[in-house]
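This is what each chain is made of:
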Amino acid sequence: VQLQASGGGLVQAGGSLRLSCAASGRTFSSYYMGWFRQASGKEREFVASISGSGGSTSYANSVKGRFTISRDNAKNTVYLQMISLKPEETAVYYCAAARFRYGSTYSTEKQYDYWGQGTQVTVSS
């Protein structure tokens, strides 16, 4: 699976962005998808995940109510809609794909098998 993230950019605090991640392959719907982010000098952190069908989602506490993860399996694409962005959310945002594993929480890097190249999100104050 190859992943290509896009949609990053510069936005003012309180603004919105929608990230996209396009995946190759014909088995996209069988993968759990996740978004992570890494700010300069910090470790990569979990942002959100979504099941293969799209019926189950999970979010980091810091983004609940402001970020929405979704997917379009017909387009092999997963999205991250972000509103009310904060300067501290400036980071490189990565999408990732995980094979199904029974009991996985899909909230840590090690649980993901494939990674995109990342897209920069900069939130100005």
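Here's what I pulled together on the structure shown here. (Residues numbered from 1 in each chain as written. Predicted model: local features only at pLDDT ≥ 70, side-chain atom pairs only at ≥ 80, totals over all residues. Heavy atoms only, no water.)

**Observations regarding the overall build of the protein**
For step 1, the next point in the chain: A tally of helices and strands in the protein yields zero helices and eleven strands.
For step 2, the next point in the chain: Along the protein, helices (α) and strands (β) appear in the sequence β-β-β-β-β-β-β-β-β-β-β when read from the amino end.
For step 3, the next point in the chain: In terms of overall size, the protein behaves like a compact globule, its C-alpha atoms giving a radius of gyration of 13 Å where 125 residues would be expected to give roughly 14 Å.
For step 4, the next point in the chain: Based on the C-alpha atoms only, the size of the protein along its principal axes is roughly 40 × 25 × 25 Å.
For step 5, the next point in the chain: Counting all 125 residues of the protein, 45% fall into the buried class.
For step 6, the next point in the chain: Counting contacts in the protein only where the partners sit at least 6 residues apart, residues at least 24 apart contribute 56% of the total.
For step 7, the next point in the chain: Accessible surface computed for the protein: about 6,500 Å², of which carbon and sulfur atoms make up 47%. (Helix = DSSP H or I, 4+ residues; strand = E, 2+ residues; numbered from the N terminus. Rg over C-alpha atoms; globule rule 2.2 N^0.38 Å. Buried < 20%, exposed > 50% of the residue type's maximum accessible area, 1.4 Å probe, protein only. Contact = heavy atoms within 4.5 Å. Areas by Shrake-Rupley, 256 points an atom, 1.4 Å probe, with all protein chains shown as cover.)

**With respect to the state of the cysteines**
Note: disulfide means a covalent bond formed between the sulfur atoms of two cysteine side chains.
For step 1, the next point in the chain: This structure, assessed with the given rule, holds one disulfide.
For step 2, the next point in the chain: One disulfide bridge connects Cys21 with Cys95, the sulfur atoms lying 2.0 Å from each other. Because the torsion about its S-S bond is 60°, the bridge between Cys21 and Cys95 counts as right-handed. Here Cys21, found in strand β3 (residues 17–23), pairs with Cys95, found in strand β9 (residues 91–98); they are 74 residues apart in sequence, far enough to count as distant. Considered together, Cys21 and Cys95 belong to a single accessibility category, that of buried residues. (Disulfide = S-S within 2.5 Å.)

**Some words on the environment of Ala60**
For step 1, the next point in the chain: Secondary-structure assignment places Ala60 in the loop between β6 (57–59) and β7 (67–72).
For step 2, the next point in the chain: A relative accessible area of 15% means that Ala60 is categorised as buried.
For step 3, the next point in the chain: For the pair Ala60 and Ser107, spaced 47 residues apart in sequence, the C-alpha to C-alpha distance is 8.5 Å.
For step 4, the next point in the chain: In contact with Ala60, not counting residues within four places along its chain, are Phe46 and Val47.

**What to know about the packing of aromatic side chains**
For step 1, the next point in the chain: Under the criterion given, the structure shown has seven aromatic pairs.
For step 2, the next point in the chain: When the ring of Tyr32 is compared with that of Tyr106, the centres are 3.7 Å apart and the planes differ by 5°; the resulting orientation is stacked. One end of the pair, Tyr32, is in strand β4 (residues 32–38); the other, Tyr106, is in the loop between β9 and β10 (114–115), with 74 residues separating them in the sequence.
For step 3, the next point in the chain: Assessed through its relative accessible area of 17%, Tyr32 is described here as buried.
For step 4, the next point in the chain: According to the relative accessible area criterion, Tyr106 is buried, its value standing at 3%. (Phe/Tyr/Trp six-rings, centres within 6.5 Å; stacked < 30°, edge-to-face > 60°.)

**Considerations on the sheet that holds β7**
For step 1, the next point in the chain: The strand order across the open sheet built from four strands is β1-β3-β8-β7, with neighbouring strands paired in antiparallel fashion. The open sheet has two edge strands, β1 (3–6) and β7, and neither has a second partner. Averaged over all pairs of adjacent strands, the angle between their axes in this sheet comes to 15°, without regard to strand direction.
For step 2, the next point in the chain: Summarising the sheet, β1 and β3 pair through four bridges and their orientation is antiparallel. Among the inter-strand pairings, Ala5 is bridged to a residue of β3, identified as Cys21. (Pairing = 2+ DSSP bridges. Axes fitted to C-alpha atoms, helices over the stretch in contact; angles between N-to-C directions.)

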